[in-house]
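One letter stands for each residue in the lines below.
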Amino acid sequence: MQAGKPVLYSYFRSSCSWRVRIALALKSIDHEIVPINLVKDGGQQFSEEFQTLNPMKQVPILKIDGITIGQSLAIVEYLEETRPTPRLLPQDPKKKAIVRMISDLIASGIQPVQNLSVLKQVGQENQTPWAQRAITSGFNALEKILQSTAGKYCVGDEVSMADVCLVPQVANAERFKVDLSHYPTISRINKALLALEAFQVSHPCRQPDTPAELRA
């Protein structure tokens, strides 16, 4: 690996990893990706080597500037503070609070409830309905919030950390066959974001570890 280049430990389908990939792309930060397969061999995140990087046994992990950071929003906040262009958090404190609120709603209130580790506990036959309920409950709230905060994107007309969180969660919703016709604001914003290069190059179908049958 090239000395000094940031290294992202990622899994192509991980929505948390995708958030960080989007942020790195938006900020044009050159980096290397080390794939961590969350399914193969019982999950490579459980290896002793990876646990030295992250005792929580989760992706993403970003090694950058001599430190190792876990948790996607902590990574995005660090990138924002050290590489603030383009901004993913508005300077206005009120707008910044709204961006963080939406980001946390998704990252803490929706995604963990339908994450792989949780789905393993509910049984194979219950996974899809469980995930659908979790995402639908969260999207019912998110749609109402976005109706008052959105412009072109989640908060006004500038891409923010909230958008970085939204697109991967919509992909999860599609994967679990959630009816998105009930969420016109979410769907409109998602479509606009997917037209941007940073969201395309970071997409799960274009990663080093994307299986051939899922590549696009």
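Residues numbered from 1 in each chain as written. Predicted model: local features only at pLDDT ≥ 70, side-chain atom pairs only at ≥ 80, totals over all residues. Heavy atoms only, no water.

An unreviewed UniProt entry annotates the chain as maleylacetoacetate isomerase of Mesocricetus auratus. Quoted verbatim from the Pathway (unreviewed entry) heading of the UniProt record, the comment on the chain is "Amino-acid degradation; L-phenylalanine degradation; acetoacetate and fumarate from L-phenylalanine: step 5/6." Here is the UniProt Sequence similarities (unreviewed entry) comment for the chain, exactly as written: "Belongs to the GST superfamily. Zeta family." (UniProt positions renumbered as here; feature names shortened; annotations may be inferred.)

(A) Focus on the UniProt feature "domain: GST N-terminal" (unreviewed entry) in the chain. When the UniProt feature table is mapped onto this chain, "domain: GST N-terminal" (unreviewed entry) is found at residues 4-87. Helix makes up 35% of residues 4-87 and strand 19%. Its end C-alpha atoms lie 23 Å apart. (Helix = DSSP H or I, 4+ residues; strand = E, 2+ residues; numbered from the N terminus.)

(B) Main features of the packing of aromatic side chains. Going through the model one piece at a time under the given rule, you end up with 3 aromatic pairs. Between F139 and Y183 the ring centres are 5.5 Å apart and the planes differ by 80 degrees, which places this aromatic pair in the edge-to-face class. Here F139 is found in helix α6 (residues 127-149), whereas its partner Y183 is found in the loop between α7 (161-175) and α8 (184-194), with 44 residues between them in sequence. Per residue, the accessibility class of F139 equals that of Y183, and both read buried. (Phe/Tyr/Trp six-rings, centres within 6.5 Å; stacked < 30°, edge-to-face > 60°. Buried < 20%, exposed > 50% of the residue type's maximum accessible area, 1.4 Å probe, protein only.)

(C) Region of the structure containing the UniProt feature "domain: GST C-terminal" (unreviewed entry) in the chain. Under the feature "domain: GST C-terminal" (unreviewed entry), the UniProt entry names residues 92-212. For the annotated span residues 92-212, helix accounts for 64% and strand for 0% of the residues, and the straight-line distance between the end C-alpha atoms is 44 Å.

(D) Just the pattern of salt bridges, in detail. The final tally for this structure, using the stated rule, is 4 salt bridges. The partner of E80 in a salt bridge is K27, with the nearest N and O atoms 2.8 Å apart. Of this pair, E80 sits in helix α3 (residues 72-82) while K27 sits in the loop between α1 (15-26) and β2 (32-35), placing them 53 residues apart in sequence. Each member of the pair, E80 as well as K27, is classed as buried. Residues D65 and R83 are paired through a salt bridge, measuring 2.9 Å at the closest nitrogen-oxygen approach. Here D65 is found in the loop between β3 (61-64) and β4 (67-70), whereas its partner R83 is found in the loop between α3 and α4 (93-109), with 18 residues between them in sequence. (Salt bridge = Lys/Arg side-chain N within 4 Å of Asp/Glu carboxyl O.)

(E) Region of the structure containing the sheet that holds β4. Read across the open sheet, the 4 strands follow the order β2-β1-β3-β4; overall the sheet is mixed. Looking at the sheet topology across the chains shown, the edges are occupied by β2 and β4. If you compare each strand with its neighbour and ignore which way they point, the axes differ by 20 degrees on average. Relative to the sheet, α1 contacts β1 (7-10) and β2, its axis offset from that of β1 by approximately 150 degrees. Each of β3 and β4 touches α3; the most contacted strand, β4, lies at about 130 degrees to it. (Pairing = 2+ DSSP bridges. Axes fitted to C-alpha atoms, helices over the stretch in contact; angles between N-to-C directions. Contact = heavy atoms within 4.5 Å.)

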